[in-house]
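Chain residues, written in single-letter form:
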Amino acid sequence: MNIVVCVKHIPDPNIPGELEGGRLKRSGVQGVLDPGDEFGVETGLQLKEAHGGEVTLVSMGPPTAMEAIRRGLSMGADKGLLVSDDALQGACALVTARVLAAAIKKSGPFDLVIAGVESTDGYTGTMPSTLAELLDVPQVTFVKRLDSADGTIRADRQTAEGYQVVESPLPALITVTAGVNSPRYASFKGIMAAKKKPVDNLSIGDLGLSSEEVTSMQQIASVGSAEARKAGEVIEDDGTGAQRVAEFLKEAKVI
Amino acid sequence: MDFELAPEQQEFVRTVRAFVDDVIRPNAERWDEEHELPMDAVGQMAELGLFGLPFPEEYGGSGADFLTLCLAIEEIARVDSSLAITLEAAVGLGAMPIWHFGTEAQRKELLPPLATGEALAGFGLTEPGGGSDAGATRTTARLEDGDWIINGSKSFITNSGTPITSFVTVTAVTGTKDGHKEISAIVVPTGTQGFEVGKGYRKMGWLHSDTRELAFNDCRVAESSLLGERGHGFRNFLRILDDGRIAIAALAVGLAQGCVDESLRYAHERSAFGKPIGSFQALQFKIADMAMKTELARIAYYRAATLKEQGRPYKKEAAMAKLYASEIAVDVARDAVQVHGGYGYIEEFPVCRHFRDSKILEIGEGTSEVMRMLIARELGLPQS
């Protein structure tokens, strides 16, 4: 089974981020493999362990994004492909999907593409669906459990109320939630092995993309701070307290 | 001169830190209360390959260097000294003697289960009647019909009674040569008749590491269980202890760093007289000193470990690193409790446990006094 996992190198979410021209400052900031993508890498590795095949990591970003690919290779993935090009700075989700689609097609035939539900920095959550359309394969989003056999996958798909069981033929694209597995830690042996694994560096020219295709269609008008959370409501129990708590929970659709 | 760790060491440190934050930090206080080595956590440390770090892959190891092992010990000790000493003793005292002094057959048989962390081993040197005076060994082993018959007892032996302990290497007097005791090391498998593992001690700290008293009553093992040459036991364990001292220094640095981390956090969070306590110079100076001592101790153990890796003499530097790091660890832990005030005396705050865990660092694997003797000897001072 040939599996492609999309990975993103993001500023360490544990360090408060800084803005630079309406965008998150990325240069000179400690970067990490997006924690959401670790679940994707783990899903890919488990499928490979069950069915054989290869796990290829694909990323777009500045040259430092190779760190994220190295991280995934340390966990056990087989090879990596990074698209790096100055023209891609500040690329929107559509451009990112176009670039990743071209890179995935170039890397060879695949059975499954895995992505996180959304990135931990940009949070648009639109890139994977766009990518599936561009690759012309079915997509199963919000996967919280996955089985695969005989050219199909069967996934439990998280919804607001519960979950759906969805089957899809391969090739396909899935996005995985944080509940899907526990990503493994990279061992020292894995870290050393990663140094010898093949990685490709490509520019948009190598992918045959035109400058129009990589021009962002989305402009950021402004960026502001989120409103601070308001303090909760305090109810003095005058005998109706339990009733009001029940109403509150009903309103929140918890009961 | 370049003070940077190799990129793969930096990445490994980040991995171990994430593991410690996810698996160890949420449980360390509870384990401390339960006084029992958490075997699940030991298993997860094994999966990460920690127990085989400095051994070649063909023996089940990871092929890393000794400094990388020390880095892992430091990271764990920032949060949990009991698990850090479990790792330090497992590798440094359990597996390392086999690696250094075992025959090829002994290495092939005994090392892989230790390197993969499926099994733990102990090193029985200290006796009820003598720790620093290791030459005063009273345990005896005599050859009889192709077997060693061992009699005596050992004290404070780490990892000797865990559910996965497979053997303990013990030092014993096997005769006399030129009027001196001839000391040898012998591998004694767990469960051998006449080998009794006592129950755990009631300790001040390191509460969930496994430390036991061992008794040998006509305990019989095959002659081939001799580890290293007969009569070389004393010389060999001195070498093992030199390495162990660097690792204990790393453990001490980890504990001190944990205390600095906790104190920094608390100095921001806690207010007095309308200001964060970290804004008061009295505490700023204290925490600055704590951080400085920790950093200097770290450089000392990096240096000793690097000398060892380069195959250069490191006995003096190892002793200095161990002495300095363990003494500043006790100072830093005491100061961290002071920064926390009354809360530092309460178990809900990790610095309370760190303070209890710190004292043993000035005692185990060579006391501060022995370290000073060693350094003085290395400096060429006249010996009494």
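A quick note: this is a predicted structure, and the numbers were derived from the prediction, not measured.

Chemist: Honestly, the sheet that holds strand β6 (residues 54-60) of chain A in this entry has me stumped. Any pointers?
Modeler: As a general point, the strands of a sheet are linked pairwise by backbone hydrogen bonds and lie either parallel or antiparallel. All names here are of chain A. Taken in spatial order, the nine strands make up an open sheet running β11-β10-β9-β12-β8-β1-β6-β7-β13, and their pairing is mixed. Every other strand in the sheet has two partners, leaving β11 (163-169) and β13 (199-202) as the edge strands with one partner each. Neighbour-to-neighbour, the strand axes of this sheet turn through a mean angle of 30°, independent of strand direction. As judged from the three bridges shared by strand β1 (residues 2-6) and strand β8 (residues 112-116), these two strands associate in the parallel manner.

Chemist: Whenever I open this one, the domain arrangement of chain B confuses me. Can you help?
Modeler: Note on interface size: it is often stated as the accessible area lost on association of the parts. Residue and element names in this part refer to chain B. Domain assignment breaks chain B into domain 1 (7-120), domain 2 (121-231) and domain 3 (235-378). The distance between the C-alpha centroids of domain 1 and domain 3 comes to 20 Å. With both chains or domains summed, domain 1 and domain 3 bury close to 2,400 Å², and 58% of this area falls on carbon and sulfur atoms. Between the two partners, domain 1 and domain 3, sit four salt bridges. The closest approach of N and O atoms between Glu74 and Arg298, which form a salt bridge, is 2.8 Å. Linking domain 1 with domain 3 are seven residue pairs in polar contact (both at pLDDT 80 or more), by the criterion used here. When residues of the side of domain 1 that touches domain 3 are assigned to their parent elements, the largest contribution, ten residues, is made by helix α5 (residues 81-101). Among the residues making up the side of domain 1 that touches domain 3, the classes are represented as 14 nonpolar, three polar and eight charged.

Chemist: Where do I start with the pattern of salt bridges in this structure?
Modeler: Pairing between side chains becomes possible if they bear opposite charge and their charged atoms approach one another. Residues and elements named next belong to chain B. In this structure the tally under the stated criterion is 38 salt bridges over all chains. Close ionic contact of Arg142 with Glu144 constitutes a salt bridge, the shortest N to O distance being 3.0 Å. Owing to a relative accessible area of 42%, Arg142 belongs among the partly exposed residues under this scheme. Classification of Glu144 by relative accessible area gives partly exposed; the value is 28%. Three or more residues joined by partner-sharing salt bridges are found here, namely Arg17, Glu75, Arg78 and Asp261.

Chemist: Would you take a moment to explain the interface of chain A and chain B for this structure?
Modeler: Listed per partner, the contact involves twelve residues of chain A and 17 residues of chain B. For the pair chain A and chain B, the two sides together bury roughly 1,200 Å², of which 60% comes from carbon and sulfur. A per-residue breakdown of the area chain A buries against chain B is headed by Tyr185, Phe188 and Lys189 of chain A, which together make up 56% of the total. The interface formed by chain A and chain B holds two salt bridges in total. Applying the counting criterion to the chain A and chain B interface returns five residue pairs in polar contact (both at pLDDT 80 or more). Secondary structure elements with two or more residues in the side of chain A that touches chain B: α2 (66-75) and α5 (188-194) of chain A.

Chemist: Which parts of the structure should I look at to understand a nonpolar patch on the surface?
Modeler: Residue and element names in this part refer to chain B. Together, Met1, Phe3, Met292, Leu296, Ile299 and Tyr324 line one region of the surface with nonpolar side chains, adding up to about 670 Å² of accessible area. Per-element accounting of the nonpolar patch gives the leading share, three residues, to helix α8 (residues 281-309). Checked against the element boundaries, Met292 lands in helix α8. Overall, the relative accessible area of 43% leaves Met292 in the partly exposed class.

Chemist: What exactly am I supposed to notice about helix α4 (residues 127-135) of chain A here?
Modeler: All names here are of chain A. Along α4, the positions that sit buried rather than exposed are Met127, Pro128, Leu131, Ala132 and Leu135. Down the axis, α4 shows its buried residues gathered within 135° of arc, on one side only. Against β1, α3 (93-107), β8, β9 (139-149) and β12 (172-176) lie the buried residues of α4. Backbone geometry just after α4 places Asp136 at a positive phi near 60°.

Chemist: Help me out: how do you make sense of the packing of aromatic side chains in this one?
Modeler: Residues and elements named next belong to chain B. Considering all chains together, one arrives at eleven aromatic pairs over all chains under this definition. Here the aromatic rings of Tyr301 and Tyr302 are separated by 5.1 Å at their centres, their planes lie at 90°, and the arrangement is edge-to-face. Here the two residues Tyr301 and Tyr302 agree in accessibility, since each one is buried. Here the aromatic residues Phe55, Tyr59 and Trp99 are joined through ring pairs into a cluster of three or more. Between the NZ or CZ atom of Arg107 and the centre of the ring of Trp99, over which it lies, the distance is 3.8 Å. Over the ring of Phe66 we find Lys308; its NZ or CZ atom is 5.0 Å from the centre of that ring.

Here is what the cut-offs are and how they apply
- Residues numbered from 1 in each chain as written.
- Chains lettered and ligands numbered in written order.
- Predicted model: local features only at pLDDT ≥ 70, side-chain atom pairs only at ≥ 80, totals over all residues.
- Heavy atoms only, no water.
- Pairing = 2+ DSSP bridges.
- Helix = DSSP H or I, 4+ residues; strand = E, 2+ residues; numbered from the N terminus.
- Axes fitted to C-alpha atoms, helices over the stretch in contact; angles between N-to-C directions.
- Domains from an automatic or database assignment.
- Buried area = accessible area lost by both parts, 1.4 Å probe.
- Salt bridge = Lys/Arg side-chain N within 4 Å of Asp/Glu carboxyl O.
- Polar contact = N/O pair within 3.5 Å; in protein donor to acceptor, adjacent residues only side chain to side chain.
- Nonpolar A, V, L, I, M, F, W, Y, C, P; charged D, E, K, R; others polar.
- Buried < 20%, exposed > 50% of the residue type's maximum accessible area, 1.4 Å probe, protein only.
- Contact = heavy atoms within 4.5 Å.
- Patch = residues over 30% accessible without salt bridge, like charges linked within 9 Å, V, L, I, M, F, W, Y side chains within 5 Å.
- Areas by Shrake-Rupley, 256 points an atom, 1.4 Å probe, with all protein chains shown as cover.
- Arc of directions from axis to C-beta.
- Phe/Tyr/Trp six-rings, centres within 6.5 Å; stacked < 30°, edge-to-face > 60°.
- Lys NZ or Arg CZ within 6 Å of the ring centre and 35° of its normal.

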